[in-house]
Amino acid sequence: MTTQVFLIQAHKDLDQLNALVEQLRDDEFRVVVNLDRKCALDPAAVHPFARLVRDRVDVHWGTFSQVQAVLNALAQIVAEVPDFDKVVFLSAQDFPLLSNARLKEALARHAHQELLDTVAIGTGPGQWAAGFRYQYFYCDDGPRLLRTACRIANRAMRATGIVRRLPGGMRPYGGSSWWALSRACVQDILARVARDPGLVRFFRRCACPDEMFFQTLVMNSPFASRVLGQNFRYVQWPEHGARNPKILDEGDFERIAASRAHFCRKIDSEASAALLPRLLALRAA
């Protein structure tokens, strides 16, 4: 029996969270819920099939707290689940598009691959021009004195053309925050973080490190050759460069159904109320 672990990061909407857990309730699945420590969700009200991450973090968008929450969860998963194929990282606003049986088959087809949306960061063809995210110091979550020091340092760096470079000569990569990584790959990430505290120090001062940290570590590791470059998520971005994906509704169903995705996002228990029955029927088809 191959176990899959679904790690769900949750900030709000208990009804949607519990609906997601219920859909993933299966003898061969483990569901782990990581509650934002500052959120109003009652841990006792979370679906009983789910295990809760003990070492919770106050998660703030765009800061290293997003990465730290995941690292804490991964450490607990590796310690508590003796054998698993992958950790599938989900938002509580995701919803599965495949039945559990078909989801098992889909993950089994990629048992020797890392399902990670990734692109090299740089200015060349096909690259993501997001170097500014790591080349300067981002200290918005720090104390006032640190924020002032960062602004002064950044001003001096821009004036002199100096930029920060990744530790160990690593090449930068970025992509979606949501992925599915093998146990061996997860263990490698945790071991490197434990072995080299400089990695955390560096990424702690990056902008939106959750969209760089895991891509960069995996693509600068022996697991790079296993990366598929696809995370099998259906996401619809609004036009005109919106910062957040669209909340999906019934009008999006045909596009969702035609996708090759394993999950879609974002789902809201109220705004997506008419869509959810159609997604349940799709899973049952």
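A short tour of the structure in this document, coming up.

1. As for the state of the cysteines
On inspection of all chains with the given rule, the structure shows 1 disulfide. Disulfide partner of Cys139: Cys150, at an S-S distance of 1.8 Å. What sets the handedness of the Cys139 and Cys150 disulfide is the S-S torsion sign, and at about -55° it is left-handed. Placement of the pair is Cys139 in the loop between helix 4 (132–135) and helix 5 (144–160) and Cys150 in helix 5, with a sequence separation of 11 residues. Both residues of the pair, Cys139 and Cys150, belong to the buried class. Distance from the sulfur of Cys208, which forms no disulfide, to the nearest cysteine sulfur (Cys206) is 10 Å. What makes Cys208 buried here is its relative accessible area of 10%.

2. Digging into the packing of aromatic side chains
Evaluated as defined, the whole model comprises 10 aromatic pairs. Geometrically, the ring pair formed by Tyr134 and Phe202 is tilted, given 6.5 Å between the ring centres and 45° between the ring planes. Placement of the pair is Tyr134 in helix 4 and Phe202 in helix 7 (residues 197–204), with a sequence separation of 68 residues. An aromatic cluster is defined as three or more aromatic residues linked by ring pairs; in this entry it consists of Phe64, Phe89, Tyr134, Trp178, Trp179, Phe202, Phe203, Phe213 and Phe214. The aromatic ring of Phe29 is capped on one face by Lys104, whose charged end is 5.7 Å from the ring centroid.

3. Looking at the packing of helix 6 (residues 183–195) against helix 7
Between two packed helices, both the angle of their axes relative to each other and the distance between the axes serve to describe the pair. Relative orientation of the contacting elements helix 6 and helix 7 amounts to 90°, with a least axis distance of 4 Å. Taken as axis vectors, helix 6 and helix 7 run roughly perpendicular relative to one another. Within the contact between the two elements, helix 6 uses Arg192, Val193, Ala194 and Arg195 and helix 7 uses Pro197, Leu199 and Val200. Classifying every residue of the contact of helix 6 with helix 7 by side-chain character gives 5 nonpolar, no polar and 2 charged.

Rules of the game
Residues numbered from 1 in each chain as written. Predicted model: local features only at pLDDT ≥ 70, side-chain atom pairs only at ≥ 80, totals over all residues. Heavy atoms only, no water. Disulfide = S-S within 2.5 Å. Helix = DSSP H or I, 4+ residues; strand = E, 2+ residues; numbered from the N terminus. Buried < 20%, exposed > 50% of the residue type's maximum accessible area, 1.4 Å probe, protein only. Phe/Tyr/Trp six-rings, centres within 6.5 Å; stacked < 30°, edge-to-face > 60°. Lys NZ or Arg CZ within 6 Å of the ring centre and 35° of its normal. Axes fitted to C-alpha atoms, helices over the stretch in contact; angles between N-to-C directions. Parallel < 35°, antiparallel > 145°, perpendicular 65-115°, else oblique. Contact = heavy atoms within 4.5 Å. Nonpolar A, V, L, I, M, F, W, Y, C, P; charged D, E, K, R; others polar.

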